[in-house]
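# Structural overview
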Amino acid sequence: TTPTSVERRSAQTVLYDIAVSLVQMLAPIIPFTCEEVWKYLPVPEKKLSVQLSGWPTVNEEAIDPALEEKWNKILAIRSEASKALEEARRNKTIGHSLDAAVAIYAEGENKALLNEKAADLANILIVSQAYVADFADAPSDCYKNDELKLAVKVGAAKGVKCERCWIYSEEIGQDSHYPTLCPRCAKVLEEEKKSFFDILAPRIVKVELILKEGKKDHREVKVGEKDIEEAVNKTKDFLNDLKKELG
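Everything numeric here is computed off the predicted structure, so don't read it as measured data.

Attention now goes to the side chain of Lys117. Topologically, Lys117 is positioned in the loop between helix H4 (108-116) and helix H5 (121-125). Buried and unpaired, Lys117 has Glu116 as its nearest opposite-charge partner, separated by 4.7 Å. Those residues in contact with Lys117, other than ones at most four positions away along the chain, are Trp71, Ile74 and Ile124.

Okay, structure coming up:
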C-alpha cells in the first residue's frame, strides 16, 4: 500500500500503540533497552525518560466485545485452513502458502462470516486466492472438521507470481509499465511515484533555479541546504528502489 493509504496508516497506528505500551510496561524489567527504544518513539510531549512516562492507560474506545468475538471465529477458521495448508505442503502440492488457492466450504454463521470477509480472505489466510462454498459441496478428499462444519481444499494458485508481493495472479502483465507485477502492486508503485514527485517537484525546481542563477550560497534563495540534501538523497533512494523492483 502507499504511505498515505488508510490500510497502512491504520496498521502503523496499531503498531505504534503496541510499541509505546510495551516499552512502558517492560521498562522496570529491561530499563536500558526500553530507554533506547523510547528515544526513537514519536510520543507527543514525551518525557525525558520512559521511567517518567507512567503506566499505559486503558482506551475504552478500543474495547469491542462483538468485534473480538468475530475475529476469534475468523482466527479459528484460519487455524483449520492452516492445517490443510500444512498437509498440502507435506504432499508437495504447494511450497510457500502464497503458492496456494484455497476453497473453504462452510455453512450457517461461519459461511456468512467468510462471505463478509471474502475480499480480504486471501490476505487473512496468506494465500494467493480464496473462495467460499457450501459445506455440502465439499469434495471427499479435502480437509474436514465436522464439528465446525468446515472443509478446506488446497490447490495450486492460478496465474503468474508477482515479483513484488509474490502473490499469484492471472492479471499480471496488463500494465505495460510494470509487466511483471500484479495490478495492485502496479497501482501502488504508480501512486508512490506520483506522490513522491509531487512533494519533491517544488524543491527540484528551486534547485534548478539555484544552478541557473549561479548562486553559490544557498542562503540567498528560499531553500536550505538540508532541503537540497534531502531531495537529492530521497531521489537517489527512490530510483534505486525502483530499479530493484523492476529488475
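Moving on: the sheet that holds strand E3 (residues 143-145). Spatially, four strands are ordered E2-E1-E4-E3 in an open sheet, and the strand pairing comes out mixed. Unpaired on one side and paired on the other, strand E2 (129-134) and E3 mark the two borders of the sheet. Taking each pair of neighbouring strands and ignoring which way they run, the sheet shows an average axis angle of 20°. With seven bridges connecting them, strand E1 (residues 100-106) and strand E4 (residues 150-156) associate as antiparallel partners. Directly across from Ala106, in E4, lies its bridge partner Leu150. Sheet contacts for helix H3 (residues 65-90): E1, E3 and E4; angle to E4, the most-contacted strand, approximately 40°. Here H4 sits on the sheet and contacts E1 and E2; the angle it forms with E2, its principal contact strand, is near 145°.

Applying the stated criterion to the full structure yields seven salt bridges. The shortest N-O distance in the salt bridge between Glu86 and Arg89 comes to 2.7 Å. With Glu86 and Arg89 both in helix H3, this residue pair falls three residues apart, about one helical turn. When its relative accessible area of 30% is taken as the criterion, Arg89 is described as partly exposed. In this structure, Asp134 and Lys111 form a salt bridge, with 2.1 Å as the shortest nitrogen-oxygen distance. Linking Asp134 in strand E2 with Lys111 in helix H4, this pair joins segments that are 23 residues apart in sequence. The exposure class assigned to Asp134 is partly exposed, which follows from its relative accessible area of 35%. Owing to a relative accessible area of 22%, Lys111 belongs among the partly exposed residues under this scheme. Salt bridges sharing common partners tie together Glu69, Lys73 and Glu109.

So, how was this worked out
Sequence order sets the numbering: in each chain, residues are counted from 1 along the sequence as written. Confidence filtering applies because this is a predicted model: local features only for residues at pLDDT of at least 70, side-chain atom pairs given and counted only at 80 or more, and all residues used for totals across whole chains, interfaces and linings. Only hydrogens and water are set aside when side-chain values are computed; all heavy atoms of the structure are taken into account. Numbering goes from the N terminus for both helices and strands, where a helix is a DSSP run of H or I of at least four residues and a strand is a run of E of at least two. For the exposure calls, accessible area comes from a 1.4 Å probe over protein chains only, and a residue counts as buried if that area is under 20% of its type's maximum, exposed if over 50%, partly exposed in between. Charge assignment: positive for Lys and Arg, negative for Asp and Glu; neither His nor the chain ends contribute. The term salt bridge refers to a pairing of a side-chain nitrogen on Lys or Arg with a carboxyl oxygen on Asp or Glu at a separation within 4 Å. The contact criterion used is simple: two residues touch if any of their non-hydrogen atoms lie within 4.5 Å. Criterion used throughout: strands pair if DSSP finds at least two bridges between them. Each axis is a line fitted through C-alpha atoms, and for a helix only the stretch in contact is used; angles between axes span 0 to 180 degrees, taken between their N-to-C directions.

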